[in-house]
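Given next are the chains, with one letter for each unit.
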Amino acid sequence: MELAQLRYFVAVVEEGGFTRAGARLHVSQPGVSAQVAQLERELGQRLLDRSGRRVTPTEAGRAVLAYARAALAAVEGVRRTAEEFSGLLRGRVALGLVPGAAGAVVDGFDVVEVLGAFHDEHPGVEISLSEDTSERMLAALLRGELDLAVVGLPGEPPPGVSCQVVLDEPLVAAVREDDPLVVAAVNGGIPLAALRGRALIGLPRGTGLRGVLERACAQAGFAPRVDFEAAAPAVLVRLAARGLGVAVVPSGAESAAGPRADVDTDTGSGSGSGSGSGRLCALRITEPELTGTVALAWRADGPSGPAARKLLERLRSGAPRRPAP
């Protein structure tokens with residue numbers, strides 16, 4: 001049994017086919033197929049089901065997969081540890097971000113600036129960035145597919161994940177000034193129950209903020225009616241400015257409406273800005289008050305490689321320290 005055989009087997013499972021695995025590994029498809037077939041002969045078990053359009057692991061293949069990944073990770077750990085002693089940090093770090101995190105600066109925490117400084121200091125480290133829902137990124141962290149992630153938390157982080165909160169802001173309902181909610185607001189706030197039956201504009205399912213909204217509405221005895229979804233709060237606010245519903249966003253995000261809509265966080269007085277957009281009001285959601293939490297997350301046992309550990313240290317030192325949820 002050779003490491004190359006395990007590497008090819010894992011790639012075929014993750015890519016769902018021999019051709020895509022070959023492209024990923026820069027090896028011809030017949031070469032990948034031959035190596036995996038040799039591995040199956042040595043183990044005396046069929047590891048892959050080739051009968052469907054997508055190649056999938058058999059029951060034996062699923063059992064072997066975890067050990068194959070562990071063996072490859074161990075070898076990579078040996079290599080990275082040896083390189084660490086050479087004084088030149090190398091390796092690869094997989095970082096996941098909630099949409100919009102790369103462009104946001106919160107209390108001086110600037111992900112792009114931290115990554116840029118880290119790359120200047122450690123040019124031998126390859127950093128891959130991906131955006132996804134918080135739910136999927138937390139699962140990827142636990143599977144070892146991500147080293148670090150900036151995620152939205154609907155509550156406590158899942159077992160096996162540690163986090164440092166970088167943003168903890170109340171949620172507001174962003175609506176046009178002519179919306180009935182503005183008239184009904186008391187001291188700039190509305191109860192959560194006022195959103196029952198209203199067309200809402202929110203982040204997709206699986207995001208931390210959407211989880212906060214859905215859980216609070218369920219406790220209040222109703223399901224939120226989300227007519228529009230978008231991954232970026234700025235888009236949610238622009239949809240609200242167009243009069244398409246109530247955008248539920250973190251406080252401060254309503255300013256992302258830009259030149260197409262003015263924002264009033266007090267009474268909503270003012271005139272429309274034309275072009276189908278109107279002046280926005282940001283109404284605090286009360287009874288209960290809802291909070292949007294964004295956190296830097298990593299596996300509780302820490303990232304496996306020295307490069308990821310060093311980047312985590314840099315990100316944590318640059319992030320504002322807030323109490324965990």
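About the cut-offs
Residues numbered from 1 in each chain as written. Predicted model: local features only at pLDDT ≥ 70, side-chain atom pairs only at ≥ 80, totals over all residues. Heavy atoms only, no water. Helix = DSSP H or I, 4+ residues; strand = E, 2+ residues; numbered from the N terminus. Contact = heavy atoms within 4.5 Å. Axes fitted to C-alpha atoms, helices over the stretch in contact; angles between N-to-C directions. Parallel < 35°, antiparallel > 145°, perpendicular 65-115°, else oblique. Left-handed = near helix turned anticlockwise from the far one by under 90°. Nonpolar A, V, L, I, M, F, W, Y, C, P; charged D, E, K, R; others polar. Core = buried A, V, L, I, M, F, W, Y, C linked by side-chain atoms within 4.5 Å. Buried < 20%, exposed > 50% of the residue type's maximum accessible area, 1.4 Å probe, protein only. pLDDT = per-residue confidence, 0-100. Salt bridge = Lys/Arg side-chain N within 4 Å of Asp/Glu carboxyl O. Expected span 1.5 Å × (residues − 1).

Structural notes on the environment of His-122
Tracing the backbone shows His-122 in the loop between α5 (111–121) and β6 (125–131). The spacing of His-122 and Gly-91 is 31 residues in sequence and 9.9 Å in space, taken between C-alpha atoms. Beyond its immediate chain neighbours, meaning those up to four positions away, His-122 contacts Leu-89 and Lys-310.

Considering the packing of α5 against helix α10 (residues 306–318)
One way to put it is that α5 packs onto α10 with a least axis distance of 10 Å and a crossing angle of 135°. As far as their axial angle goes, α10 and α5 are oblique. The element α5 and its partner α10 pack so that their crossing is right-handed. The segment α5 lies against α10, with Val-114, Leu-115, Ala-117, Phe-118 and Glu-121 engaging Ala-307, Lys-310, Leu-311, Arg-314 and Leu-315. Grouping the amino acids of the contact of α5 with α10 by side-chain chemistry returns seven nonpolar, no polar and three charged.

A look at the nonpolar core
Counting residues in hydrophobic clusters, the biggest one holds 37 residues, and the most contacted among them are Leu-192, Leu-195, Val-249, Ile-285 and Leu-290. For this core, the secondary structure elements donating two or more residues are β8 (161–176), α7 (180–184), β10 (200–202), α8 (208–220), α9 (233–241), β12 (246–250) and β14 (280–286). Sequence-distant contacts of Ile-285, defined by excluding residues within four places in its chain, comprise Leu-171, Val-172, Ala-173, Ile-190, Leu-192, Leu-195, Val-248 and Leu-290. If you look at the next biggest cluster of nonpolar residues, it comprises 36 residues, including Val-93, Leu-95, Val-114 and Leu-115.

Digging into the confidence of the model for the chain
Averaged over every residue, the pLDDT of the chain is 83; residues scoring 70 or more account for 85%. Low pLDDT, under 50, characterises residues 259–275; the stretch is placed with 38 contacts to residues that sit more than four places away or in other chains.

Let's talk about unusual backbone geometry
Between Glu-287 and the following residue, Pro-288, the backbone shows a cis peptide bond with an omega angle of 5°. Looking at the secondary structure, you find Pro-288 in the loop between β14 and β15 (291–299). Non-glycine residue Asn-187 carries a positive phi angle of around 55°. Here Asn-187 lies in the loop between α7 and β9 (189–191). Classification of Asn-187 as exposed rests on a relative accessible area of 73%. With respect to the helices and strands, the residue Glu-287 is situated in the loop between β14 and β15.

So, the pattern of salt bridges
In total, this model carries 15 salt bridges according to the counting rule given. One salt bridge in this structure joins Arg-69 and Glu-14, with 3.2 Å as the shortest N-O distance. A residue pair is termed long-range when its members are at least 10 positions apart, and Arg-69 in helix α4 (residues 59–85) and Glu-14 in helix α1 (residues 3–15) qualify at 55 residues. Look at Glu-14 and you get partly exposed, because its relative accessible area is 34%. Residues participating in the shared-partner salt-bridge network are Glu-14, Glu-15, Arg-24 and Arg-69.

A word on α1
Along an α-helix, residues three or four positions apart point the same way, because every turn accommodates 3.6 residues. Taking 1.5 Å of rise per residue, 13 residues should cover 18 Å, and α1 covers 18 Å from first to last C-alpha, within 8% of that figure. When α1 is considered as a whole, its buried residues turn out to be Gln-5, Leu-6, Tyr-8, Phe-9, Val-10, Ala-11, Val-12 and Val-13.

Here's the deal with the side chain of Thr-207
Relative to the assigned elements, Thr-207 resides in the loop between β10 and α8. Among residues more than four places away in sequence, those in contact with Thr-207 are Thr-133 and Ser-134.

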